[in-house]
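Examining the three-dimensional arrangement
Chain by chain, the residues:
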Amino acid sequence: MKNEYDLVILGRGAAAFSAAIKASEITAGQATIAMIGFGPLGGTCVNVGCVPSKYLIEAAKVAHTQSSPRYPGIEPGLLSINFGELMESLRRTVKEERKERYENVIKSYENIDVYDGKAQFVDRDAIIVKNNSNPKKLKGYNFIIATGSSTKIPKIEGLNETGYITSNTVWDLNSLPRTLTILGGGFIGLEIGQSLERLGTKVTIIKEHNTVAPGIEEEIGKTLMEILTSEGIDFRNGKKILRVYSRNGKKVVEMQSNLGKEEVEADEILVSSGRMPNVADLDLEKAGVKYSENGISVDETMKTSNPLIYAAGDVVDQKYRLETLAASEGSIAASNIYESNEKRINLQLVPWAVFTEPQFASVGLTESQYNATGRKSTTRVVPLELVPKARILKEYHGSFKIVVDSETEKIVGVHALSPYAAEFIIEGVYAIKYGLTFRDLIENSHIFPTVAEGIKLTSQSFTRDLSRMSCCME
Amino acid sequence: MRVFGMTCDDCVRTVSEGLKEGGASEIFVSLKNGTASAVVDDSMIKPDDLSRLPVFSEKSHYRAQVRKVE
Ligand SMILES: Cc1cc2nc3c(=O)[nH]c(=O)nc-3n(C[C@H](O)[C@H](O)[C@H](O)COP(=O)(O)OP(=O)(O)OC[C@H]3O[C@@H](n4cnc5c(N)ncnc54)[C@H](O)[C@@H]3O)c2cc1C
């Protein structure tokens, strides 16, 4: 392997792969590229993130439908779950996905050298790669930092001694914990919590705030919490954790609220209290790259404070941490290194989702975020039960919310808590991207009956009383 | 300059022509190293703008980075 490269990429996850492949495509495979990282290829998403979590969610959905059928005349079946076998199949799927999408793909690029180890800057144009063997110095002309993020472990007395699992290790479980305490009400905790609850675990979620999933429209967050509560999840809101300790083989969390001290005892604790960017060990000062504990500062072209160094993905200081965003930013960084027409990222157009059931999906700004920009918004909320397909599905809990600029009527935010929300939020992306108004959305037929029709009905509710409309009117 | 995308002598000619049309002189292009060097009058074109010439645009096969200006 070489000592000097055109492009050195720190990381082997989604952002890194997308950057390396894009750079190879643009330069006809002639840019020499080093990609450095540790752990399985593909990083968080395929190994311990999107793929295993969505697998577990879908499996748990099947179990839930079987134990709680929605239609009269269909009786609950006797549910038999072999959790060990399910988790074995989950790990097999992860392995296959990793092989298919990462290991095999990278083999086909002769210009990319993959290194095992941790990278640390020693100069503005050089890093050192440290692993168990001799450290190796690599020089580069350009760099892309794509080192991702990790679970934030809160400093709580007794937590380390008592032991816990995270979204990195939950996938190694072979037996279902009878009881589980989740620290944190973010999307990762909600997704894993609902799945395990549906498979038979008694789940308690402890959080400081009264809402769930930061960034979600507040009333929608409350509805989601009510739905999850009705399925059996015990939310302990507004709690400050005092300490964690072991008692008779159980893990006890002691917490404080206005009402005094209380405790929750469980077989296992899942720490899911946010993510932090992996910046600490990179010696970024030596590279002249500005950062904070929130991540690396970049401009819209993904350039850092050093014009030859870019950053992409979870390590960037930005409001979303998503696989799609990481891949898109990796690709934008590579394009901007080699091409003269600058590509920019627009976070307003990035859709995101929480894969609970029902799903939450969103793009653009919430009502309060838009009002904070100094412009005035008008909004409409339509409950899911007004959507015919939802009634057919017997899914009554959820809602649609559309935020428009009061003056121009252009759509600036679309938020949905409904079945399939993650599948159709793209309609909101195009609406915002192309400056559509709610009137534009009304003019196009949506397929009847679909849950996505909720977007059209919400648009119609800006000017009409939905209860006085017949089916599918425009 | 580091030049990417050249695979044959024809490419060398195309890149040289492109640089010439952009106002460069004393052009030397190396297929083997994927590099080019040239002299420019910076009252006519800034050295950094050489990588923005049409021969290196999105529609062409070639890309370039200006790595050193003396
Ligand atoms: C449980 C869970 C579920 C998720 N579900 C979804 C989902 O459904 N949809 C979605 O869009 N997103 C989801 N995400 C988020 C998504 O996984 C991340 O946004 C995405 O993986 C980030 O990619 P990345 O390339 O920035 O970082 P990563 O994939 O984390 O890659 C970071 C890389 O950097 C390397 N690295 C770290 N430090 C160093 C160092 N010092 N030197 C060299 N290399 C280093 C690591 O080895 C790794 O290869 C989920 C995340 C989690 C945890």
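Every residue gets a number counted from 1 within its own chain, in the order that chain's sequence is written. Just so you know, chain letters begin at A and ligand numbers begin at 1, following the order they were written in. The predicted origin of the model limits local features to residues at a pLDDT of at least 70 and limits the giving and counting of side-chain atom pairs to 80 or more, whereas totals for whole chains, interfaces and linings rest on all residues. For the side-chain quantities, the full set of heavy atoms in the structure was used; hydrogens and water were omitted.

Considerations on the pattern of salt bridges
Any two side chains of opposite charge can pair, so long as their charged atoms come close to each other. By definition here, a salt bridge exists when the distance from a side-chain nitrogen of Lys or Arg to a carboxyl oxygen of Asp or Glu is within 4 Å. Scanning all chains against the criterion turns up 37 salt bridges over all chains. The partner of Arg52(B) in a salt bridge is Asp49(B), and the shortest N-O contact between them spans 2.4 Å.

Here we look at the interface of chain B and chain A
When checking whether two residues touch, look at their non-hydrogen atoms; a contact exists if any pair is within 4.5 Å. With 13 residues of chain B at the contact, the number on the chain A side is 15 residues. A simple way to read buried area is as the amount of 1.4 Å-probe accessible surface that goes missing from two parts once joined, with both sides added. Regarding the contact of chain B and chain A, the summed buried area is about 1100 Å², with carbon and sulfur atoms giving 41% of it. Where chain B packs against chain A, one counts four salt bridges. With its nearest N and O atoms 3.5 Å apart, the salt bridge here joins Lys343(A) to Glu58(B). Counting of polar contacts relies on pairs of N or O atoms within 3.5 Å, with two restrictions inside protein: one atom must be capable of donating a hydrogen and the other of accepting it, and residues adjacent in sequence are counted only when both atoms are side-chain atoms. Counting across the interface, chain B meets chain A through 10 residue pairs in polar contact (both at pLDDT 80 or more). Only DSSP runs of H or I reaching four residues or more are called helices, and only runs of E reaching two or more are called strands; each is numbered from the N terminus. Sorting elements by how many residues they give to the side of chain B that touches chain A places strand S1 (residues 2-4) of chain B first, with three residues. Each residue is assigned to one of three groups, with Ala, Val, Leu, Ile, Met, Phe, Trp, Tyr, Cys and Pro labelled nonpolar, Asp, Glu, Lys and Arg labelled charged, and all others, Gly among them, labelled polar. In the side of chain B that touches chain A, the residues fall into four nonpolar, four polar and five charged.

Description of the sheet that holds strand S12 (residues 250-257) of chain A
Residues and elements named next belong to chain A. In this description, strands pair whenever DSSP reports at least two bridges between them. The strand order across the open sheet formed by three strands is S11-S12-S13, and the pairing between neighbours is antiparallel. Each of the sheet's edge strands pairs with one partner strand only, and the pair in question is strand S11 (240-247) and strand S13 (260-266). Put simply, the sheet's adjacent strands are angled 20° from each other on average, direction ignored. Note that S12 and S13 share seven bridges and pair antiparallel. Pairing of Val 253 across the sheet is with Val 264, part of S13. Fitted lines through C-alpha atoms serve as axes, helices being fitted only where they are in contact, and the angles separating the N-to-C directions of these axes extend from 0 to 180 degrees.

A short note on the sheet that holds strand S20 (residues 359-364) of chain A
All names here are of chain A. Taken together, five strands build an open sheet; the order of strands is S19-S20-S23-S22-S21 and the sheet is antiparallel. A strand with exactly one partner marks an edge of an open sheet, and here the two such strands are strand S19 (352-354) and strand S21 (377-383). Neighbour to neighbour, the strand axes of the sheet diverge by 10° on average, direction disregarded. Relative to strand S22 (residues 399-405), S21 runs antiparallel, the two sharing seven bridges. Directly across from Ser 377, in S22, lies its bridge partner Asp 405. Lying on the sheet, helix H7 (residues 218-230) is in contact with S20, S21, S22 and strand S23 (411-418); it crosses S23 at an angle near 10°. Taken strand by strand, helix H15 (residues 453-460) contacts S21, S22 and S23, and its axis lies near 50° from that of S22.

A few points about the confidence of the model for chain B
Scored by pLDDT, chain B comes out at a mean of 96, with 100% of its residues at no less than 70. As a predicted assembly, this complex carries a pTM of 0.96 together with an ipTM value of 0.94. Residue-level confidence of the predictor, termed pLDDT, takes values from 0 up to 100.

Here we look at the packing of helix H1 (residues 14-26) of chain A against helix H9 (residues 323-338) of chain A
Residues and elements named next belong to chain A. At a minimum axis distance of 7 Å, the contact between H1 and H9 shows a crossing angle of 35°. Of the two possible hands of crossing, H1 and H9 adopt the one that is right-handed. Counted together, Ala 14, Ala 15, Ser 18, Ala 19, Lys 22, Ala 23 and Ile 26 of H1 and Glu 323, Ala 326, Ala 327, Gly 330, Ser 331, Ala 334, Ser 335 and Tyr 338 of H9 form the full contact between these two elements. For the contact of H1 with H9, the residue count by class is nine nonpolar, four polar and two charged. Two helices crossing with the near one rotated counterclockwise from the far one by less than a right angle form a left-handed crossing, whereas a clockwise rotation gives a right-handed crossing.

Thoughts on the domain arrangement of chain A
Residue and element names in this part refer to chain A. Once the domains are mapped, chain A shows domain 1 (4-151 + 276-347), domain 2 (159-273) and domain 3 (358-468). Reported domain spans reflect what an automatic or database domain assignment gives. Its C-alpha centre places domain 2 at a distance of 31 Å from the equivalent point of domain 3. Contact residues are listed per partner, giving eight residues for domain 2 and 12 residues for domain 3. With both chains or domains summed, domain 2 and domain 3 bury close to 880 Å², and 71% of this area falls on carbon and sulfur atoms. When the buried area of domain 2 at its contact with domain 3 is split by residue, Glu 217, Ile 220 and Ile 227 rank highest and sum to 58% of it. Put simply, domain 2 and domain 3 have two salt bridges between them.

What to know about unusual backbone geometry
All names here are of chain A. A cis geometry characterises the amide bond from Glu 357 onward to Pro 358, with omega recorded as 0°. Residue position: Pro 358 is located in the loop between S19 and S20. Cis geometry marks the peptide bond from Phe 448 to Pro 449, where omega comes out at -10°. Structurally, Pro 449 is set in the loop between helix H14 (438-443) and H15. One non-glycine residue with positive phi stands out, namely Ala 28, at about 55°. Within the secondary structure, Ala 28 is located in the loop between H1 and strand S2 (33-37). In this structure, Met 302 is a non-glycine residue whose phi angle is positive, near 75°. Tracing the backbone shows Met 302 in the loop between strand S17 (295-296) and strand S18 (309-311). Exposure remark for Met 302: the relative accessible area of 0% places this residue in the buried category. Only protein chains enter the area calculation, which uses a 1.4 Å probe; residues under 20% of their type maximum are buried, those over 50% are exposed, and those in between are partly exposed.

Focus on helix H6 (residues 187-199) of chain A
Each α-helix turn comprises 3.6 residues. Residues three or four places apart therefore point the same way. Expected helix span is computed as 1.5 Å times (number of residues minus one). With 13 residues, H6(A) should cover 18 Å at 1.5 Å per step; its first-to-last C-alpha distance of 18 Å lies within 8% of that length. Inspection of H6(A) places Gly189(A), Leu190(A), Glu191(A), Ile192(A), Gly193(A), Gln194(A), Ser195(A), Leu196(A), Glu197(A), Arg198(A) and Leu199(A) among the buried residues, and these make up the whole buried set.

As for the pairing of strand S5 (residues 126-130) of chain A
Residue and element names in this part refer to chain A. Across five bridges, strand S4 (residues 118-123) lies against S5 in antiparallel orientation. Along S5, the bridge assignment pairs Lys 118 with Lys 130. Hairpin geometry of S5 and strand S6 (residues 136-145) is characterised by an intervening segment of five residues between the two adjacent antiparallel strands.

Quick word on H9(A)
The end-to-end C-alpha distance of H9(A) is 23 Å, a good match for the 22 Å that 16 residues give at a rise of 1.5 Å each. For H9(A), the tally of buried residues reaches 12 of 16 residues, placing the bulk of the element in the interior. When we look at burial in H9(A), the residues that qualify are Leu325(A), Ala326(A), Glu329(A), Gly330(A), Ser331(A), Ile332(A), Ala333(A), Ala334(A), Ser335(A), Asn336(A), Ile337(A) and Tyr338(A). The inward-facing, buried residues of H9(A) abut strand S1 (4-10), H1, S6 and S18 of chain A together with S1 and strand S4 (63-65) of chain B.

With respect to the environment of Ser467(A)
All names here are of chain A. Secondary-structure assignment places Ser 467 in the segment after H15. Among the residues examined, Ser 467 registers a relative accessible area of 63% and is labelled exposed. As for Ser 467 and Leu 386, which are separated by 81 residues in sequence, their C-alpha atoms are 8.7 Å apart. Of the polar contacts made by the side chain of Ser 467, one reaches the side chain of Asp 465; its length is 2.8 Å.

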